[in-house]
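Per-entry structural report
Below are the chains, spelled out letter by letter.
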Amino acid sequence: MSGALTAYHLIRRNPKARVVVVDSSPSLGLGLAYATPSYRHLLNVPAGKMSALPDEPDHFLTWLRANHDPQATAITAEPMTFAPRAVFGRYIQSLLASVSGIEHLSARVVDLKLARDRAVLTCHDGRTLEARAVVLALGNFDPAPLPGIAQQARTAGVYRHNAWAADTFDGLDPEAPITLIGTGLTGVDVVLRLRELGHTGTITAVSRHGLFPRRHASYTALQRSAIPRSTPATCLAYLRAFHQTLRNGTAWRAAIDSLRETTNELWLALPVEEQRRFRRHLQRRWDVVRHRMAPPIADIIEAELRAGTLCVRNGGLQAVDLDGGGASVTIRTPEGNRRFETARVINCTGPSTHYRRVGSPLLTSLFAQGLVVDGPLGGGLRTSPAGAVIDAAGQESAVLFSLGPGRLGTLLESIAIPEIRTQAAELARTLQTATQQPEAEPHKAATLYNAESMINEESMVNEESMVLAPREAVA
């Protein structure tokens, strides 16, 4: 979705531009999150906050009322509307359809080389593309490997590494016990999908913290940030300021959402060691209150927990072994190791941002050339405030840019619509300026690359040519 939005904004800024999205998926703009076939998978943000256009905050709500739900409510109304993610995907595709000049090239970029002020990209089928700017709109890769997974369990199919793979739910006995590794939003989605497919067996979720995301609810908005900009840049000082806001009577949801505009600013003010401290001690607690469930989904999860059809085992995964026709799961708890049997184990830990280890030929090449480096904490990419990729020499690239999940190497928040829509619009503005040439010269190709989709334009006199290759993001 991040690459599609960037393409859309590029065309809006220059209708004469020819944009080719190179993406191996059959449809542009959906990505993993919005390609779900299930209408039970709802957005985890109210419809009134989901506009893809930063200058038109009600754009999605207006579209939703005209195309899906005439009764959809704004964020000030009760109950708040949480649209199906599949419907939001249609909305993004409607934006793409509203402009001309975006073409779809079904391919994957496997290599990139820089030549002076140009990038030369090589696709998996041998085709090459030349461009003056490349946007790495890297979406979500498979989860990181889990410890202790026996090869026999993989081979027998009792362990499934990717919750979104087409065959993850194939061949399941509807009454068989299932185990999920992780209690985040991916785990919630899998619970909903299993029930939609008719599964009635007990679902066990394994998690070190045992916390599911909290639910959305209405509140009176806080008019100032719960953590003032003047707060000393340490995790402890931030936490104390936040707790003081709560003690003053502010609802926790209002306090969390008051940080929406300043989260990345506060994060970047922290020294790297303080950022590491946050990751170790506060990240999961932040996630469960920041990325909340729509009330109808929270109702389902809470009902399953009360009924015992969904249960949580607190502990760290130690091993998954083949045991007859199923799996044996061993977890580490404060009381020692515990073992139990299950029919299938599904990894719901979420996408990996450790790009050196995701198996992408393109990223492997970029790291080897020193054109990109990890973020300070070892994940994502190191980028400038404008989204320019920073190389191994510490230099901001004039050719390579990133948005969305790739920028998690530098930012704390970069996968939600508010960040992505702003980054896409600002990046389109930056690229338009960067690729403009004197009138006497032809406009050269500009390339924006994601692992899944790419926009490519041929060099044309008096027209801008742009290439985007993005791997679509999960929101």
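Read on for a plain summary of the structure. Nothing here was measured: the structure is a model prediction, and the numbers come from that model.

To continue, consider the packing of aromatic side chains. What the rule picks out here adds up to 8 aromatic pairs. With a centroid separation of 5.5 Å and 55° between ring planes, the pair formed by W63 and Y91 is classed as tilted. Within this pair, whereas W63 is found in helix α3 (residues 59-67), its partner Y91 is found in helix α4 (residues 85-97), the two being separated by 28 residues in sequence. An identical accessibility class is assigned to W63 and Y91; each is buried. Where W267 meets F278, the ring centres are 5.6 Å apart and the plane angle is 75°; that geometry is what we call edge-to-face. Of this pair, W267 sits in helix α9 (residues 263-269) while F278 is found in helix α10 (residues 272-281), placing the two residues 11 residues apart along the sequence.

This part covers the packing of helix α1 (residues 2-13) against α4. For the pair α1 and α4, the least separation of the axes is 9 Å and the interaxial angle reads 30°. Taken together, α1 and α4 sit at an angle that is classed as roughly parallel. Handedness of the α1/α4 crossing: left-handed. Between α1, through A4, L5 and Y8, and α4, the contact on the second element is made entirely by I92, L95 and L96. Along the lines of polarity and charge, the residues of the contact of α1 with α4 split into 6 nonpolar, no polar and no charged.

Let us look at α1. Between its first and last C-alpha atoms α1 spans 17 Å; for 12 residues at 1.5 Å apiece the expected length is 16 Å, and the two agree. The element α1 is largely enclosed, with a buried count of 10 among its 12 residues. Restricting attention to buried positions, one finds in α1 the residues S2, G3, A4, L5, T6, A7, Y8, H9, L10 and I11.

Glancing now at the environment of L305. Relative to the elements of secondary structure, L305 occurs in helix α12 (residues 295-307). Once residues lying within four places of it in the same chain are set aside, the contact partners of L305 are F212, L310 and V312.

A word on the sheet that holds strand β3 (residues 109-115). Strands sit in the order β3-β4-β5 across an open sheet of 3 strands; the sheet is antiparallel. The sheet is open, and its two borders are formed by β3 and β5 (128-131), each paired with just one other strand. Ignoring which end each strand starts from, the neighbouring axes of this sheet average 20° apart. One ladder, built from 6 bridges, connects β3 with strand β4 (residues 118-123); its direction is antiparallel. Across the sheet, L112 pairs through a bridge with L121, a residue of β4.

With that out of the way, let us pick up helix α13 (residues 361-369). For α13, the set of buried residues is L362, L363, S365, L366 and F367. Just downstream of α13 lies G370, where phi reads positive at about 75°.

Viewed as axis vectors pointing N to C, α10 and helix α11 (residues 283-290) meet at an angle of 70°, and their least axial separation amounts to 4 Å. In terms of axis orientation, α10 runs roughly perpendicular to α11. When α10 is examined against α11, the residues F278, R279 and H281 are found in contact with a partner set consisting of Q283, R285 and W286. Its residues assigned to classes, the contact of α10 with α11 comprises 2 nonpolar, 2 polar and 2 charged.

Criteria and cut-off values
- Residues numbered from 1 in each chain as written.
- Predicted model: local features only at pLDDT ≥ 70, side-chain atom pairs only at ≥ 80, totals over all residues.
- Heavy atoms only, no water.
- Phe/Tyr/Trp six-rings, centres within 6.5 Å; stacked < 30°, edge-to-face > 60°.
- Helix = DSSP H or I, 4+ residues; strand = E, 2+ residues; numbered from the N terminus.
- Buried < 20%, exposed > 50% of the residue type's maximum accessible area, 1.4 Å probe, protein only.
- Axes fitted to C-alpha atoms, helices over the stretch in contact; angles between N-to-C directions.
- Parallel < 35°, antiparallel > 145°, perpendicular 65-115°, else oblique.
- Left-handed = near helix turned anticlockwise from the far one by under 90°.
- Contact = heavy atoms within 4.5 Å.
- Nonpolar A, V, L, I, M, F, W, Y, C, P; charged D, E, K, R; others polar.
- Expected span 1.5 Å × (residues − 1).
- Pairing = 2+ DSSP bridges.

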